[in-house]
Structures are given as structure tokens and as C-alpha cells.
Amino acid sequence: MLINKRAVNAGAPNLVNICIDKNHSGELTGRFYNRYSREPVFFDDVNDLLIQMDRLMDRIDFPQAAMRDRRFAAKSKGSLPTSSRSGSLQPGQGRRDRRCVRNDRRDAEVKTTDEILNETGKRATFLVNVQYRQNATWQGKVLWAETGESCHFRSALELLKLMDGAMEEAGEDAGEKDA
């Protein structure tokens, strides 16, 4: 499959190639590839996919999250300080930690862009470039590799809806091919 690297920012440090292998009753399963892992990251459902991708972006600190996660549990030692109102980082807080992660990120790349782009899913393949993590969600661009169509998304939910719509459009419903 020939992919137009300009349609999605193929040089982005957080480029993810999502390979959908199964679509059972709308529940997508498969794996994704990124620059920082030689092996694929497997996911059992879309919730797992989002959590794994968010962990990747946290690990490489790109794109930087505008807000830190809030939790019911008490704040653990070593966590980044946050504002009590919005969860946003205060000016000057956590900067040293981020610089260390960023330097490590450049050295940790183990896969080339071509290696990432060569992988395909059994049902569909999507290249995702998350450009921003604002308002506690993601914004970016997704490319449906099989058709070459690309679209910007304004939230993680919209990304999932675009992928689901592509699967339906391709006739990849569970009753048709995954039964």
C-alpha cells in the first residue's frame, strides 16, 4: 500500500499506525505501531487503544498535555503539581522533568517512518497524528490508509467516530467479515 506521507505528518514524533484486525459488533481490536517500540502495542477495545496511545504521548511528552489527569485517589509522591481549579500546570512547574523526557525521547526512537507505515491491519489501517492535547482531549489528523482520505478531528471521541464510520463505509461490519 502506497501512502502519501504528506497527507499526514509522517515525521511527527508521535505518529501512530493503528492496524484494525477485527471488528466484532463495533468493537475494534488490533495493534498499533510507533517509533518508540520495536514490537506492536496490542489493544482489545477502543478504550484500551486510547489509554495506550495516551500513555505513549505522556511517555514521550509530545504533544504536551495542557491539563494533567485528575484522580479520585490521593496525590502520589513525585506527581507534577497542578492548579486546584483547572488541573493546568502552573508556570514553571514540572519544567525540569519535561526537558529530561524530551532529551530521552530523541534517543529512544527504534523504528523508522517507513517501518511504521509498512504495517497494515487485516480490516483497516489508520495513521494518526495527535497535534494537540487541549481541553482534556486530543486534536489532530487521521488518514485512512486504504483510501488515502484524511480528516482533522477535534476530540478523541470524534477520532473514534471517524474510524468507525470508515469501517462501516468499507462494509467491515461484524456480520459481514468477522462472523
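Worth saying up front: this structure is predicted, and the values here are computed from it rather than measured.

Draft legend 1. Seen up close, the pairing of strand β4 (residues 124-132). For β4, a buried count of 7 out of 9 residues is recorded, marking the element as mostly surrounded by other parts of the structure. Sheet topology note: the strand β1 (residues 16-24)/β4 ladder contains 5 bridges and is antiparallel. Within the sheet, the bridge partner assigned to Ile-18 lies in β4 and is Phe-126. The pairing of β4 with strand β5 (residues 139-144) spans 6 bridges and is antiparallel. By the bridge assignment, Leu-127 is partnered in β5 with Leu-143. The antiparallel hairpin formed by β4 and β5 contains 6 residues in its connecting segment, where Asn-135 sits at a positive phi of about 55 degrees.

Draft legend 2. Highlighting the side chain of Thr-137. Of note, Thr-137 is situated in the loop between β4 and β5. With relative accessibility at 18%, the residue Thr-137 sits in the buried group. In terms of polar contacts, Thr-137 uses its side chain to reach the backbone amide nitrogen of Ala-156, at 2.9 Å. Setting aside residues up to four positions removed in sequence, Thr-137 forms contacts with Tyr-132, Arg-154, Ser-155 and Ala-156.

What counts as what
- Residues numbered from 1 in each chain as written.
- Predicted model: local features only at pLDDT ≥ 70, side-chain atom pairs only at ≥ 80, totals over all residues.
- Heavy atoms only, no water.
- Buried < 20%, exposed > 50% of the residue type's maximum accessible area, 1.4 Å probe, protein only.
- Helix = DSSP H or I, 4+ residues; strand = E, 2+ residues; numbered from the N terminus.
- Pairing = 2+ DSSP bridges.
- Polar contact = N/O pair within 3.5 Å; in protein donor to acceptor, adjacent residues only side chain to side chain.
- Contact = heavy atoms within 4.5 Å.

Read these as spatial facts, not as claims about activity.
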